[in-house]
Amino acid sequence: MKRTVPLAIAAVTGFVLIVSYFIPYMQSWGEEAMIWFDILAAVAFVLGGGNLLKTHLQKISNRRAGWGFSIVTISAFLITLYIGFSKMGVNPAENFPEFSWSGDYLAESGGFGWIFHHIYLPLAATMFSLLAFYIASAAFRAFRAKNTEAMILLGTAFIVLFGRTHAGIYVSQPVVDWLTAISGAEAGSLAGLRLDRITSTITSIFIVAGNRAITIGIALGIVSLSLKVLLGVDRSYLGSEE
Amino acid sequence: MTDRVSWRVPLLAITIALTALAPQPARAEADPDAKAAQQTTAPQPPADVTAIDRPDDAGDGIIVKWTLSKDDVKEVAEGETRKVVRYEILRKVVKGAEGDERAEEEDKFTLAGEATFQKDSFVDPQCDRTKSYLYQVVAVEHADSKSTPAQTAAPITPILQYWDTRRTWFLVILVLICGAVILFIQLAKSGVKLKVRKIAGLEAVEEAVGRATEMGRSCLFIPGILDINDMQTVAGITVLSRVAALAAEYDAKLEVPTSRSLVMTVARETVQAAFLGAGRPDAYNEDNIYYLTDEQFGYVAGVTGTMVRDKPAACFYMGAFFAESLILAETGNSIGAIQIAGTAMPSQLPFFVAACDYTLIGEEFFAASAYLSGEAHQLASLKGQDVGKVIGGVLIVVGCLVASAASLLGGDDTLAHSIVSFLTDNVLGDKGFLP
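Residues numbered from 1 in each chain as written. Chains lettered and ligands numbered in written order. Predicted model: local features only at pLDDT ≥ 70, side-chain atom pairs only at ≥ 80, totals over all residues.

*Asks:* Before we go on, may I ask you to explain the interface of chain B and chain A in this structure?
*Replies:* Size of an interface: often given as the accessible area lost when the parts come together. Of the residues lining the interface, 65 residues belong to chain B; the matching set on chain A comes to 55 residues. Class assignment for the residues of the side of chain B that touches chain A results in 36 nonpolar, 18 polar and eleven charged. (Contact = placed C-beta atoms within 7 Å. Nonpolar A, V, L, I, M, F, W, Y, C, P; charged D, E, K, R; others polar.)

*Asks:* Sorry, what's going on with helix 7 (residues 261-277) of chain B here?
*Replies:* Owing to its 3.6 residues per turn, the α-helix brings residues three or four apart onto one side. Residue and element names in this part refer to chain B. Its 17 residues give helix 7 an end-to-end C-alpha distance of 24 Å, which sits within 8% of 24 Å, the value for a rise of 1.5 Å per residue. Most of helix 7 is tucked away, with 15 of its 17 residues classed as buried. Looking at the residues trailing helix 7, positive phi occurs at glycine 279, about 75°. (Helix = DSSP H or I, 4+ residues; strand = E, 2+ residues; numbered from the N terminus. Expected span 1.5 Å × (residues − 1). Buried ≥ 20, exposed ≤ 12 C-beta atoms within 10 Å, placed from the backbone.)

*Asks:* I'm lost on the domain arrangement of chain A in this one. Help?
*Replies:* The domain architecture assigned to chain A consists of domain 1 (1-82), domain 2 (87-142) and domain 3 (143-234). Relative to domain 2 of chain A, the C-alpha centre of domain 1 of chain A lies at a distance of 22 Å. (Domains from an automatic or database assignment.)

*Asks:* Looking at this model, I keep getting lost on the environment of Glu207(B). Mind explaining?
*Replies:* Summarising the element assignment, Glu207(B) is placed in helix 5 (residues 200-215). Separated by 131 residues in the primary sequence, Glu207(B) and Ile338(B) have C-alpha atoms spaced 9.2 Å apart.

*Asks:* Looking at this model, I keep getting lost on the confidence of the model for chain B. Mind explaining?
*Replies:* Atom-level detail of predicted coordinates should not be read off regions where pLDDT is low. All names here are of chain B. This prediction gives chain B a mean pLDDT of 87; 87% of its residues lie at or above 70. Looking at the elements of chain B, mean pLDDT is at its lowest for helix 2 (residues 25-30), recorded as 39, and at its highest for strand 9 (residues 219-222), recorded as 98. Predicted confidence for residues 18-32 stays below pLDDT 50, and this span has two contacts to residues more than four positions away or in other chains. Across residues 34-38, where pLDDT falls below 50, the model places two contacts with residues more than four positions away in sequence or in other chains. (pLDDT = per-residue confidence, 0-100.)

*Asks:* Where do I start with the nonpolar core in this structure?
*Replies:* The nonpolar side chains of soluble globular proteins are, as a tendency, buried together. All names here are of chain B. Counting 103 residues, the largest nonpolar core has Cys219 and Val243 as its most contacted members. The greatest single-element share of this core, amounting to twelve residues, is contributed by helix 6 (residues 231-250). Contact partners of cysteine 219, with chain neighbours within four places excluded, come to Val209, Ala212, Val243, Ala247, Ala252, Lys253, Leu254, Pro312, Ala314 and Phe316. Core analysis: the second largest hydrophobic core is formed by 20 residues, Val49, Val64, Val94 and Ile156 among them. (Core = buried A, V, L, I, M, F, W, Y, C linked by C-beta atoms within 7 Å.)

*Asks:* Where do I start with the pairing of strand 13 (residues 338-343) of chain B in this structure?
*Replies:* Within a regular strand, side chains alternate between the sheet's two faces. Residues and elements named next belong to chain B. Most of strand 13 is tucked away, with six of its six residues classed as buried. What you see with strand 13 is no split at all: Ile338, Ile340 and Gly342 on one side and Gln339, Ala341 and Thr343 on the other are buried throughout. Pairing geometry for strand 12 (residues 314-318) and strand 13, over five bridges, is parallel. Its bridge partner lying in strand 13, cysteine 315 is registered against glutamine 339. After leaving strand 12, the chain enters helix 9 (residues 324-334) and then returns to the sheet as strand 13, a path that is right-handed. Summarising the sheet, strand 13 and strand 14 (residues 358-361) pair through four bridges and their orientation is parallel. (Pairing = 2+ DSSP bridges. Right-handed = clockwise from strand over helix to strand, strands pointing away.)

Right, dumping it as structure tokens:
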């Protein structure tokens, strides 16, 4: 029962979504099915919040490694929750000036908006900025010319990186001019050998071809897995009957 | 005295004459000729307004078309302004034809939408198929300068279509692929043996869990940052069930931080079932599967913090990832963990390839659950995917050959050109995969 009911819900919802894609009359059914998911996700958020408190309180209680961060997490969670729910600092809406709670809780003038703009966004940007350093360290490892494939990768990366800069054009143009002169070719006929042009060819032909091959594989994988889930062939995500 | 009168008389005469010749604005405004002159400055109205039912919809759309106003020119001379800036499309609900019980007109014309200059059609997406509508189109220069309205000749009622014909080819190919998957599953159930190639990344899962056990450290499983309604997360969870079964078997600690509450709930059920299936229900600890935050970089901060503090020996990244992929994988690399990633986000694959020991690329990720289960009927579904690849491959080869032939032969009326048009417009284009 514990697996059958969720399986039935998943199968019915899945087939409704598929059919609604082909039958215009049922389009609204598909949209409603997705609204039901949103409702479920919203309810589950309470579970998430409860779990967050439980996990970090346990961590503090047991003095596990990094328990100090748990204090920061819980404090930040509760303070943000309070400021958000109480709409602290939010101006009343124009239509209902007599009700102090009528303003939008996301308003920049409010405490919640302030936290978002002045604490959350800078912190998120800081985490994001780490990516630049990690790209450098990952590229350093990936581009070590250990074998033929790695050398091809290194060469391609060099062309693409260099071809996207002004230096790429500046350096390769004299080479192209020289080649044109010694080969007696028509002026401009060898322009395709300029680094920026080679970069364009690599990104618009080779990369697109590879990307599409991966995308087709992904699409087929999704079809196959979806079918297995809808038909109940793969039930590993449903948990046990007990 | 006489002298004084003599110069005052001509002065008076000049004053009277000037007063008579002066412009009289109030009278000019009231003048009907002047009013007509002002009206001629309004834009010319559009012509031939027609309305048709929008095809392939649920009877909620009408397409209104018109011929552009004569004043709606493509290019405006320098220094001049556009005579027609936009078109206003007005709508009136009409209950039905005369003699019908719904003959009476219901309401006035109201604004249904606007179209910019040089546009000669508009889709009204908010119609009711039980009602009929009349449309008017007005060319507008500004709020005080509008053309006379041009109207549709007869009311139109939107029609419900029972089938979206644009998606027929999509359905044909979908049925072929799904049919192949089901066929191979049935063949496997009936005992036919099917060969599936080895996937290095999945072969390494057992090795990774075993290594973590030997080192006395944990395994970290990250199911992506999207919710359970995303197929990649479902695929990640199915892999989690196999990893959890191995962890239960080897008695390794498995930690699963999630960024969605629902994913946490599903992951708990899945891991519990896996531990139960492995005969180790006592080893299951639900606290090891916990929710961090929905926020992308908050989640990254939490997970990388756990990595640096706990130093897991094996990290699995299975699901949908975005910019956080490299931050997670590089942190895992820095602590010396064996890392296996799988995602269907093509833009993140290079990062995982660079930073992880094994990467499941695209379809391999979706094949992981079937592969790790080792069940014949699950593995058979992979064969069904191969049929899809054959269809795709044939279409690509035929398309390339025919397109090359069409290009070499030239002209628009060759057979090759017709085949290319059919493939691009119907099978792959507006009436196929990209409606």
